[in-house]
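Fold and contact review
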Amino acid sequence: MDKFETHTGVGVPLRRGNVDTDQIIPAVYLKRVTRTGFEDGLFAAWRADPSFVLNNPVYAAGSVLVAGPDFGTGSSREHAVWALMDYGFRVVISSRFADIFRGNSGKGGLVAAVVSQDNVELLWKYLENHPGAQITVDLVARTVTAGDIVAPFEIDDYTRWRLLEGLDDIGLTLRHESDVAHFERGRPSFKPVTFLG
Amino acid sequence: MSGTLAEKVWDAHVVRRAEGEPDLLYIDLHLIHEVTSPQAFEGLRLAGRPVRRTDLTLATEDHNVPTTPGPITDPVSKVQVETLRRNCEQFGVRLYPMGDIEQGIVHVVGPQLGLTQPGMTVVCGDSHTSTHGAFGALAFGIGTSEVEHVLATQALPLRPFRTMAINVRGQLAEGVTAKDVILAVIARIGTGGGQGYVLEYRGDAIEALSMEARMTICNMSIEAGARAGMIAPDETTFAYLEGRPHAPKGADWDAAVAYWRSLRTDDDAVFDAEVDIDASALTPFVTWGTNPGQGLPLGESVPDPESFADESDRLSAANALAYMGLEPGTRLRDIKVDTVFLGSCTNGRIEDLRAAAAVVKGRRIAPGIRMLVVPGSAKVRRQAETEGLDRVFTDAGAEWRLPGCSMCLGMNPDILSPGERCASTSNRNFEGRQGKGGRTHLVSPIVAAATALRGTLSSPADLNADALQEA
């Protein structure tokens, strides 16, 4: 997982609340055997509508999604985070995230930044008045900056630390690789292996 | 310090413990299959990580495989199986593919090879990993990210669970099986009753069970919402393991057994919760609804949703009856089925096939009934054929199939049609589980067999009553 300190990229205003994971990526895209390439499933149903925000070429390079409250509800599928990241998003801003989605985001390296709904409204207006404008997300200072708007955001300390250090769950465990190796040396010889000698 | 079985196994696997962080637990055995592993291997590839312990990892093909001869025809299933084969080859993981004598349902294969042993931690990207707890192992299902985690590190960060004793005391009556015990447990504590717990099944009724019967019980711990189910190892466990291909040999065997004998809950240990079940009061159990907690003794009738005190239970029962096409008050014994499925990781072992064969031997299944008999592994199938059980089933008019998950989960060609009603020895009666619109009644192998013969939900005792009437 890449380290995340600050990120500046095109902000995409998604004026919708209760964006559930079936909307983020419909079940039909889950039969894949790959870990990447889910970008074509992202918001698949909504993208059929030409007026959907991501169909506007000005947002083609969008990397900061600004969404309504209760983002990521419903099914626990990790594919929702994968689809957002495969599409190019590094940050989602919302006033409230579903718990499982927020947990999956931390695992995948996507920043789920909790910003007050008042500030989300300000960001929406700014982005709509300046299509293609950039947003800077500073994880060190926990601020979101767009034009003159500087909004604080919340993220739990543990997740923030892991994102700053670029540690995914596996990376974290691998930091304790010597403990694992030490444990392995003490395992009894009667424990089975899957290869028969 | 005194502790429960689950706590002892947990403590013996803590690689690292730090304040405010989950324990890092070592994993002794990681079983994989084609459905939940592709993205895990892909993740390893993307990060440039190898599989840390290929010698503690084993793969088999089960969920997608057809149970009739010939190749996989469904393109999505085919890709999943081919991907598993490629991944296992690339990362050096041992795989038992379709057609191999060691192939079978992942939870049948591990124990039959002797790979599942007391005191181990066992994980698999499948919720029915709880099956392996029958040996006194701490065994639980994990998600795809965790599969990748274990492949890369052979360890998992985990928050401790609570412990619940399920005390099953007394003697089971003739015709009452392990399946009836676990269905009764789930009906008692509910599908969420075990949430956050590791269940330990205890008591003389459990001690009297064979290893295969114990596996049936632990298998469905997940249907009670539990993370895992366990049974303390004893002489029955050791006798089952001795001589199996991966069981310890010689001095290792003696050392292992000495350790295994220590794996029991201390007399003064305290469980976070306890449930008592009177084994002698149990009778054959069947489900009438669309979750595994909606079950009743076979002698009872379909309940009236209005009879439930809780509002959400009432709603859930009403929805279940609508889906199942059942009327309140109908005697469960009067429910006609179209199909009988004998198999799955719950009841696809040799003892299950023997018990069902003993019921159908010399008889014919009822006209219009389709009965699928699907051994849990190629070894089970071969053993059954050695004993002539295949002929018993085919002579009765049943279909004798190749090993796999089959009709348990609608991921392969064995599915129900909309409205089709099935008596099934599997573990889940969710809407659409056995195929869109399919109606599932969970039953034991001998109830499945008697149902196939009579065409309505039945126990072997009903066959005897029929015989008396005719005489």
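Placed above this text is the structure.
Residues numbered from 1 in each chain as written. Chains lettered and ligands numbered in written order. Predicted model: local features only at pLDDT ≥ 70, side-chain atom pairs only at ≥ 80, totals over all residues. Heavy atoms only, no water.

1. Description of the interface of chain B and chain A
- Listed by partner, the interface residues are 48 residues for chain B and 33 residues for chain A.
- Overall, the association of chain B and chain A removes approximately 3500 Å² of surface from exposure, summing both partners, and the carbon and sulfur fraction of that is 60%.
- When residues of chain B are sorted by the area they lose upon contact with chain A, Q39, R49 and R52 of chain B head the list and together hold 17% of the total.
- In this structure, the connection of chain B to chain A is made through 7 salt bridges.
- Only β1 (14-16), β2 (23-26), α2 (38-47), β4 (57-60), α3 (75-91), α5 (144-153), β8 (155-158) and α10 (250-260) of chain B provide two or more residues apiece to the side of chain B that touches chain A.
- The dominant element in the side of chain B that touches chain A, judged by the number of residues it contributes, is α5 of chain B, at 6 residues. (Contact = heavy atoms within 4.5 Å. Buried area = accessible area lost by both parts, 1.4 Å probe. Salt bridge = Lys/Arg side-chain N within 4 Å of Asp/Glu carboxyl O. Helix = DSSP H or I, 4+ residues; strand = E, 2+ residues; numbered from the N terminus.)

2. Points about the environment of P22 of chain B
All names here are of chain B.
- Note that P22 resides in the loop between β1 and β2.
- P22 sits 136 residues away from L158 along the chain, and the two C-alpha atoms are 5.1 Å apart.
- With residues up to four places along the chain from it excluded, the contact list for P22 reads P157, L158 and R159.

3. Structural notes on the sheet that holds β2 of chain B
- Strand order in the open sheet made by the 3 strands is β1-β2-β8 (chain B), with antiparallel pairing throughout. On the outer flanks of this sheet lie β1 and β8 of chain B, each paired with one strand and no other. Sheet twist, expressed as the average angle between the axes of neighbouring strands with direction ignored, equals 40°.
- The pairing of β2 of chain B with β8 of chain B spans 4 bridges and is classified as antiparallel. Across the sheet, D23 of chain B pairs through a bridge with L158 of chain B, a residue of β8 of chain B.
- Docked against the sheet, helix α8 (residues 177-185) of chain A engages β1, β2 and β8 of chain B, running at close to 145° with respect to β1 of chain B. (Pairing = 2+ DSSP bridges. Axes fitted to C-alpha atoms, helices over the stretch in contact; angles between N-to-C directions.)

4. With respect to the sheet that holds strand β7 (residues 149-152) of chain A
Residues and elements named next belong to chain A.
- Ordered in space as β4-β3-β2-β1-β5-β6-β7, the 7 strands form an open sheet in which the pairing is mixed. In the strand order of this sheet, the two ends are held by β4 (111-114) and β7, each with one partner. Strand-to-strand twist of the sheet, defined as the mean angle between neighbouring strand axes without regard to direction, takes the value 30°.
- One ladder, built from 4 bridges, connects strand β6 (residues 143-146) with β7; its direction is antiparallel. If you follow V144 over to β7, its bridge partner there is A151.

5. Here's the deal with the side chain of H30 of chain B
Residue and element names in this part refer to chain B.
- Assignment of secondary structure puts H30 in strand β3 (residues 29-32).
- With relative accessibility at 0%, the residue H30 sits in the buried group.
- In this view, H30 contacts L56, T57, L58, V123, C124, I142, V147, V150 and L151; residues no more than four positions away in its chain are not counted. (Buried < 20%, exposed > 50% of the residue type's maximum accessible area, 1.4 Å probe, protein only.)

6. Let's talk about the nonpolar core
All names here are of chain B.
- L138, F140, I166, Y201 and W260 are the most contacted members of the largest nonpolar core, which has 79 residues in total.
- The dominant element in this core, judged by the number of residues it contributes, is helix α6 (residues 178-189), at 8 residues.
- With residues near it in sequence (within four places) discarded, Y201 still touches I166, I182, I206, I217, C218, S221, G229, M230 and I231.
- Core analysis: the second largest hydrophobic core is formed by 51 residues, Y323, L342, A366 and A449 among them. (Core = buried A, V, L, I, M, F, W, Y, C linked by side-chain atoms within 4.5 Å.)

7. Regarding unusual backbone geometry
- The phi angle at F43 of chain A is positive, at roughly 50°, despite the residue not being glycine.
- Mapped onto the elements, F43 of chain A comes out in the loop between α1 (21-24) and α2 (44-47).
- The exposure class assigned to F43 of chain A is buried, which follows from its relative accessible area of 1%.
- For S344 of chain B, which is not glycine, the phi torsion reads 90° and is therefore positive.
- Mapping S344 of chain B onto the fold places it in helix α12 (residues 344-347).
- Overall, S344 of chain B belongs to the buried group, its relative accessible area being 0%.

8. Concerning the pairing of β4 of chain A
All names here are of chain A.
- The alternating pattern of β4 places V111 and A113 on one face and A112 and V114 on the opposite face, and all of these are buried.
- Where strand β3 (residues 91-94) and β4 come together, 4 bridges link them in parallel fashion. Note on β4: the bridge partner recorded for V92 is A112.
- Where the polypeptide runs from β3 across helix α4 (residues 99-108) and back to β4, its parallel neighbour, the crossover connection is right-handed. (Right-handed = clockwise from strand over helix to strand, strands pointing away.)

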